[in-house]
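# Architecture at a glance
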Amino acid sequence: MQKVTIKLGGITCPSCLQKIEGAMHQINGVQSAKVLFNASKLKAVIDPAQTDGQILADAVTKLGYSVAAIKKQEA
């Protein structure tokens, strides 16, 4: 497993969190996903054999939010 932290932009309300978290759970290989509103970050645990941080970032961008940075570390 791998931990991925993505710095987000454009998050303005709790429904933004639900929208992003819902999209993350649709991606194969995402074990967990949580958006931290005050920090504007997405924290996810993924199976790197099935997905990666860039796929998550692309999904966030498609929802209309911006991605400032992707950080990966082993879980």
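This report concerns the structure included in the present document. (Residues numbered from 1 in each chain as written. Predicted model: local features only at pLDDT ≥ 70, side-chain atom pairs only at ≥ 80, totals over all residues. Heavy atoms only, no water.)

## Structural notes on the sheet that holds strand E2 (residues 30-36)
The line we're drawing: What makes two strands pair is DSSP finding at least two bridges between them. A run of H or I in DSSP becomes a helix once it reaches four residues, and a run of E becomes a strand once it reaches two; helices and strands are each numbered from the N terminus. Throughout, an axis means a line fitted to C-alpha atoms (over the contacting stretch in the case of helices), and angles, computed between N-to-C directions, take values from 0 to 180 degrees. We call two residues in contact whenever any of their non-hydrogen atoms come within 4.5 Å of each other.
One open sheet holds the 4 strands; their spatial order is E2-E3-E1-E4, and the pairing between them is antiparallel. Two strands in the sheet have a free side with no partner beyond their single neighbour: E2 and strand E4 (66-74). With direction set aside, neighbouring strand axes in the sheet form an average angle of 15°. Two strands pair when backbone bridges link them, and strand E1 (residues 2-9) and strand E3 (residues 41-46) are joined in this way by 6 bridges, in the antiparallel orientation. When the sheet's bridge partners are listed, Val4 is paired in E3 with Ala44. Across the sheet, helix H1 (residues 14-25) lies against E1, E2 and E3, angled at about 170° from E2, the strand it touches most. Running over the sheet, helix H2 (residues 53-62) touches E1, E2, E3 and E4 and is turned about 155° from E4.

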